[in-house]
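Chain by chain, the residues:
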Amino acid sequence: MTDPLNELRADRQRAGELADPHAGLCTLATVDEHGAPQVRTLVLRDMQDRFALFLNATSPKQRQLNSGQAAVCVYLASIQRQYRLSCSIEAIAPDIVRDSWQMRPDAPKRMDWYYVQGRVQSSDVTDRQTLLDELDAMTLTNPLHAPPEAVGYWLNPHFVERLDLAQDNGVHDRIAWSLASGRWTQTTLVP
Ligand SMILES: Cc1cc2nc3c(=O)[nH]c(=O)nc-3n(C[C@H](O)[C@H](O)[C@H](O)COP(=O)(O)O)c2cc1C
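1. Overview of the overall build of the protein chain
Okay, so step 1: Helices and strands together make up the secondary structure of the protein chain, namely five helices and nine strands.
Okay, so step 2: In the protein chain, the order of α-helices and β-strands from amino to carboxyl end is α-β-β-β-β-α-β-β-α-α-α-β-β-β.
Okay, so step 3: For the protein chain, the C-alpha atoms occupy an extent of roughly 60 × 35 × 35 Å along the three principal directions.
Okay, so step 4: Here the protein chain, with 191 residues, has 38% of them falling under the buried criterion.
Okay, so step 5: Counting contacts in the protein chain only where the partners sit at least 6 residues apart, residues at least 24 apart contribute 62% of the total.
Okay, so step 6: When the accessible area of the protein chain is evaluated, it comes to approximately 10800 Å², of which 51% is carbon and sulfur surface.
Okay, so step 7: When the 19 basic and 24 acidic side-chain charges of the protein chain are each reduced to a single mean position, those positions are 2 Å apart.

2. A short note on the side chain of D164
Okay, so step 1: By the secondary structure assignment, D164 is in strand 7 (residues 150-164).
Okay, so step 2: Polar side-chain contacts of D164 include one of 2.9 Å to the side chain of R81.
Okay, so step 3: Excluding its chain neighbours within four sequence positions, the residues that come into contact with D164 are I79, Q80, R81, H172 and D173.

3. Things to note about helix 1 (residues 4-17)
Owing to its 3.6 residues per turn, the α-helix brings residues three or four apart onto one side.
Okay, so step 1: Across its 14 residues, helix 1 extends 20 Å between first and last C-alpha, which sits within 8% of the 20 Å expected from 1.5 Å per residue.
Okay, so step 2: Every buried residue of helix 1 is accounted for by P4, L5, L8, R9, D11, R12 and A15.
Okay, so step 3: N-capping of helix 1 is provided by D3, with a side-chain oxygen placed 2.8 Å from the backbone N of L5.
Okay, so step 4: The first or second residue beyond helix 1 is A19, which carries a positive phi of 60°.

4. What about the packing of aromatic side chains?
Okay, so step 1: Taken as a whole and judged by the stated rule, the model has zero aromatic pairs.
Okay, so step 2: Taking the ring centre of F51 as reference, the NZ or CZ of R9 above it sits at 4.8 Å.

5. Things to note about the site of the ligand
Okay, so step 1: Inspection of the region around the ligand gives L25, R40, T41, L42, V43, F54, L55, S59, P60, K61, Q121 and S122 as its neighbouring residues.
Okay, so step 2: With respect to the ligand, the side chain of S122 contributes an N or O atom lying 2.6 Å from an oxygen atom.
Okay, so step 3: Protein contacts shield 62% of the accessible area of the ligand, which totals 620 Å² for the unbound molecule.
Okay, so step 4: Mapped onto the shell around the ligand, the elements with two or more residues apiece are strand 2 (37-43), strand 4 (50-56) and helix 2 (60-65).
Okay, so step 5: Ranked by the residues each element gives to the shell around the ligand, the list is headed by strand 2, at four residues.
Okay, so step 6: Classifying every residue of the shell around the ligand gives six nonpolar, four polar and two charged.

6. What to know about the pairing of strand 2
Okay, so step 1: Sheet analysis places strand 1 (residues 25-31) next to strand 2, joined by seven bridges and oriented antiparallel. Across the sheet, T30 pairs through a bridge with Q38, a residue of strand 2.
Okay, so step 2: From the end of strand 1 to the start of strand 2, which pair antiparallel, there are five residues, and G35 there has a positive phi angle of about 80°.

Rules behind the numbers
- Residues numbered from 1 in each chain as written.
- Predicted model: local features only at pLDDT ≥ 70, side-chain atom pairs only at ≥ 80, totals over all residues.
- Heavy atoms only, no water.
- Helix = DSSP H or I, 4+ residues; strand = E, 2+ residues; numbered from the N terminus.
- Buried < 20%, exposed > 50% of the residue type's maximum accessible area, 1.4 Å probe, protein only.
- Contact = heavy atoms within 4.5 Å.
- Areas by Shrake-Rupley, 256 points an atom, 1.4 Å probe, with all protein chains shown as cover.
- Lys, Arg positive; Asp, Glu negative; His and termini not counted.
- Charge placed at Lys NZ, Arg CZ, Asp CG, Glu CD.
- Polar contact = N/O pair within 3.5 Å; in protein donor to acceptor, adjacent residues only side chain to side chain.
- Expected span 1.5 Å × (residues − 1).
- Phe/Tyr/Trp six-rings, centres within 6.5 Å; stacked < 30°, edge-to-face > 60°.
- Lys NZ or Arg CZ within 6 Å of the ring centre and 35° of its normal.
- Near = heavy atom within 4 Å.
- Nonpolar A, V, L, I, M, F, W, Y, C, P; charged D, E, K, R; others polar.
- Pairing = 2+ DSSP bridges.

Structural data, given as structure tokens:
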């Protein structure tokens with residue numbers, strides 16, 4: 001039986017070689033405290049043979065991830081394939097997050113500290129200049145290390161669905177995989 005995560009891995013690699021700007025990204029869906037759906041783009045990391053997300057714990061999505069559930073969508077336009085993943089999530093050990101955080105560019109590193117010392121992510125700020133001034137005014141350690149609020153989650157997908165538009169006869173190919181007792185079973189879906 002094919003492993004859908006390896007399929008996704010191979011397709012992201014192929015899309016990357018085709019310079020697909022979405023090869024490294026996903027859309028993360030969560031449900032907020034009012035029951036409303038929320039979506040946003042995130043980098044989808046592939047490390048230690050697992051998919052992972054990195055974010056700041058001050059953000060609204062972190063509270064929403066406390067449900068332990070997330071849905072992720074990846075559309076690779078270069079190869080006309082969409083993947084949808086239903087996942088449980090698992091916190092990544094802080095030492096792994098800390099190492100990975102060091103690879104971030106400078107500005108996102110500073111923002112991670114601003115969320116802690118200044119204003120939490122996704123909150124209101126008077127205007128962009130106020131934000132820039134407050135960022136400049138922060139005193140930061142040198143070298144910078146990750147704040148505890150920099151967090152990561154492993155995705156543990158239990159359902160994966162792939163829609164492949166690239167069919168000669170125009171009839172899309174749609175496959176679903178479900179994980180039970182550590183084994184994937186595959187079914188065909190009406191596209
Ligand atoms: C290309 C792209 C990549 C992004 N990657 C991340 C990411 O890896 N982690 C993250 O927290 N936000 C990332 N963002 C920002 C999120 O989409 C979002 O604006 C932010 O995390 C606040 O989300 P929230 O209010 O739902 O918590 C990215 C945005 C774009 C456009």
